[in-house]
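Reading the structure
For reference, the chains in residue letters:
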Amino acid sequence: MSAVSEHPGEAHHEDLGGRLNWLRAGVLGANDGIVSMAGLVVGVAGATTDVRAILTAGIAGLVAGALSMAGGEYVSVSTQRDTERAAIQLERQELEQMPEQELDELTAIYQKRGLSPELARRVAEELTAKDPLRAHAEAELNIDPDRLTSPWQAAWASFLAFTIGGLLPVIAIALPPVEVRVLACGAAVVAGLVLTGWTAARLGSAPVARAVMRNVGVGVLAMLVTYYVGVVFGITVG
Ligand SMILES: [Zn+2]
C-alpha cells in the first residue's frame, strides 16, 4: 500500500494493468460462451425445428458451460494461489533464518537489473528495512503479497462472462421464425465475435483486423461443423 503514496504514477499503472487483465479475461470468457453455445444451438437446430428442444439444449448448455468454466477457473486460481503462498512462506522462513544471505540475494537481483553494486546494496537495505517480505516477494517471486487473486472472484467472473456471451446465440436462435432461425443466429454470432475479437485485440495491443477475422473464422467454422453434424444426425435418427 505504501507504493501508492510514494509512486502514484506507478501504482496507477499497476491498477490499470490489473483492470485490463480482468477485462481481457472477461472478454475471452464471453467469446468462449458465444462460440460453444453457437455450436450447440445451431447443431440442435440442424437436427430439429422444435424450438423447445433447441431452447432446452441451450439452457442446459449455458448452465453446464458456465459451471464448467467457473469450476476450472476456481481450481486453477486456487492452485496458483497455493503455490504463491507456499513460495511466500518459504521466503519468510529464509528471511528469519538467514537475513544476511537474503540481503545479498536482493542486492544481486537489483545489480542484475542494472544498478551499480553500491546502489543495489542501498536499495536492498532500504527495502529490507521497510518490509523485507514484500521486497523479496516482489523482486524475487514477482508476487504482490496483498494482491493474491481470489479463486471465488475468478470463478464468478468466468461464470458471468460465459453466461453473457452464451446468451447471445441462444436468444438469437430462439426468437426469429423457423425459416431464418439459423441465419439470424449466425449473423448475431458474427457480430458478437467481431466485438469480442476487436476488444481483445485492442486490450492486447494486437493487430485488430487479423484478430477479428481469426475470431470470426473460428466461430463460423464451429457453427458449420455442428450444423452439418446436426443435420446428418437428424436425418439418421429422425
Ligand atoms: Zn529472498
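This section reports on the structure supplied with the text. (Residues numbered from 1 in each chain as written. Predicted model: local features only at pLDDT ≥ 70, side-chain atom pairs only at ≥ 80, totals over all residues. Heavy atoms only, no water.)

Here the focus is the nonpolar core. Judged by nonpolar contacts, the single largest core of 21 residues is most densely connected at Val-41, Ile-173, Cys-185, Val-189 and Leu-193. One finds Leu-103, Leu-106, Ile-109 and Ala-139 within the second-largest nonpolar core, a separate group that totals eight residues. (Core = buried A, V, L, I, M, F, W, Y, C linked by side-chain atoms within 4.5 Å. Buried < 20%, exposed > 50% of the residue type's maximum accessible area, 1.4 Å probe, protein only.)

Bringing the packing of aromatic side chains into the picture now. In the structure shown here, the tally under the stated rule is three aromatic pairs. An angle of 50 degrees between the planes, with centres 4.8 Å apart, marks the rings of Tyr-74 and Trp-152 as tilted. With Tyr-74 in helix 3 (residues 51-97) and Trp-152 in helix 7 (residues 151-174), this residue pair connects regions lying 78 residues apart in the sequence. For Tyr-74, a relative accessible area of 30% puts it in the partly exposed group. For Trp-152, a relative accessible area of 62% translates into the label exposed. (Phe/Tyr/Trp six-rings, centres within 6.5 Å; stacked < 30°, edge-to-face > 60°. Helix = DSSP H or I, 4+ residues; strand = E, 2+ residues; numbered from the N terminus.)

Protein-derived coordination of the zinc ion comes from Glu-91 (OE), Glu-102 (OE), Glu-105 (OE), His-136 (ND1) and Glu-140 (OE), at a distance range of 1.8 to 2.4 Å. Summarised as a motif, the one-chain spacing of the donors to the zinc ion is E-x10-E-x2-E-x30-H-x3-E. In this pair, Glu-102 and Glu-105 both sit in helix 4 (residues 99-112), three residues apart, roughly one turn of the helix. For Glu-102, a relative accessible area of 3% corresponds to the buried category. Looking at Glu-105, the relative accessible area reads 30%, which means it is partly exposed. (Donors = N, O, S within 2.8 Å, 3.2 Å for Na, K, Ca; no water.)

Okay, the side chain of Arg-181 next. Here Arg-181 shows up in helix 8 (residues 181-203). Polar side-chain contacts of Arg-181 include one of 3.4 Å to the backbone oxygen of Ile-173. Excluding anything up to four places from it in sequence, Arg-181 contacts Thr-49, Val-51, Ile-54, Ala-172, Ile-173 and Pro-176. (Polar contact = N/O pair within 3.5 Å; in protein donor to acceptor, adjacent residues only side chain to side chain. Contact = heavy atoms within 4.5 Å.)

Everything listed is a geometric property; what it means functionally is a separate question.
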